Amino acid sequence: MSENPDHNDWQFQNRDIKILRELSKDPQISSRELSATLNEKYDIDVSHVTVSKAIRNMRSSGVFREAIMPNEEFFNFALFEFKFDPRNFDEEWEAAMEYIMDDPHTLMYFISNGEYQWKTIMMFQSREAESQWIHDFYKHHGTVVSNVRNSVVHNLLKFQTDPEIFELMDED
C-alpha cells in the first residue's frame, strides 16, 4: 500500500473503526490491550498481532496521521490568514507557500475559500516571536500577499479527537 494523503481508498471494516475509536481515546494503548478491549466492548475477537498489523496498514495507507501535539501551556497558538496580491501571485506563490509549510512554527496549513485563502495554525513561544515572524514573512514574501490577518488563540477549550467521530463512518 502506498502512502497518499490526498486519495485514500481504504475499505473500512467494523474492526478498523473500533480500533480508531479506541486509539483516539488512548493513543498509547498496546496492541494486546486493544485486542482485549475489542473483544470485551465490541465482541470482536482478533489477536494482538492482527490489531498491530491493522494499525500499521492504516497508518501506512494514510487512514490517519500521527503528530506530536505540544501542550498549549508551552506555546501560544495563532490562526494566520493570507490574502493574495494578484499582481505578483504567478511569480511568487510557490516560494511563499514553501516558506510557510517548511516553517517550524506551522502546525497546520490549509487552503480555504473566500478572501483569505491560505490559513495556518501556528505556534510561538511568545507574542514577540509571532510578531517577528510576521515581519520576516513580509520582508521575504510581502509582494505575494496584500494582508496577513492573525488571530490570537487563547483559552483553548478543546484539543482532541473525540472517539465518537469514527462511529459516523458506520452510517455510510
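In this report, the structure presented in the accompanying data block is examined. (Residues numbered from 1 in each chain as written. Predicted model: local features only at pLDDT ≥ 70, side-chain atom pairs only at ≥ 80, totals over all residues. Heavy atoms only, no water.)

## Considerations on the packing of aromatic side chains
Here is step 1 of the chain: What the rule picks out here adds up to 13 aromatic pairs.
Here is step 2 of the chain: With centroids separated by 5.4 Å and ring planes inclined at 75 degrees, the aromatic side chains of F80 and W133 adopt a geometry described as edge-to-face. Taken together, the residues F80 in strand β1 (residues 76-84) and W133 in helix α5 (residues 127-141) connect sequence positions 53 residues apart. Exposure class is identical for F80 and W133. Each is buried.
Here is step 3 of the chain: Taken together, a centroid distance of 6.2 Å and an interplanar angle of 20 degrees make the contact between F89 and W93 stacked. Of the two residues, F89 and W93 both sit in helix α4 (residues 89-102), four residues apart, roughly one turn of that helix.
Here is step 4 of the chain: A residue is classified by how much of its surface remains accessible, and F89, at 25% relative accessible area, is partly exposed.
Here is step 5 of the chain: W93 gets classed as partly exposed once you look at its relative accessible area, which sits at 30%.
Here is step 6 of the chain: Here a set of aromatic residues connected by ring pairs shows up, and it is made of F80, F82, Y99, F124, W133, F137 and Y138.
Here is step 7 of the chain: Looking at R149, its charged tip hangs above the ring of Y116, at a distance of 3.8 Å from the centre. (Phe/Tyr/Trp six-rings, centres within 6.5 Å; stacked < 30°, edge-to-face > 60°. Helix = DSSP H or I, 4+ residues; strand = E, 2+ residues; numbered from the N terminus. Buried < 20%, exposed > 50% of the residue type's maximum accessible area, 1.4 Å probe, protein only. Lys NZ or Arg CZ within 6 Å of the ring centre and 35° of its normal.)

## Digging into the pattern of salt bridges
Charged atoms that come close allow side chains of opposite charge to pair.
Here is step 1 of the chain: Applying the stated rule across the entire model yields 13 salt bridges.
Here is step 2 of the chain: E167 is the salt-bridge partner of R21, the closest N and O atoms lying 3.2 Å from each other. With R21 in helix α1 (residues 14-25) and E167 in the segment after β4 (145-153), the pair connects residues that are 146 residues apart, well separated along the chain. Taken as a pair, R21 and E167 share a single burial class, namely buried. (Salt bridge = Lys/Arg side-chain N within 4 Å of Asp/Glu carboxyl O.)

## Considering the nonpolar core
Here is step 1 of the chain: With 18 residues, the main nonpolar core has I19, L34, L38, V51, I55 and M58 as its most contacted residues.
Here is step 2 of the chain: Counting only elements with at least two residues in this core, the list comes to α1, α2 (31-42) and α3 (48-61).
Here is step 3 of the chain: Not counting residues within four places of it along the chain, the set of residues in contact with I55 comprises I19, L23, L34 and F64.
Here is step 4 of the chain: Formed by 16 residues, the second largest nonpolar core is a distinct cluster that contains M97, F137, V144 and V145. (Core = buried A, V, L, I, M, F, W, Y, C linked by side-chain atoms within 4.5 Å. Contact = heavy atoms within 4.5 Å.)

Geometric descriptors of this kind do not, in isolation, establish any biological role.
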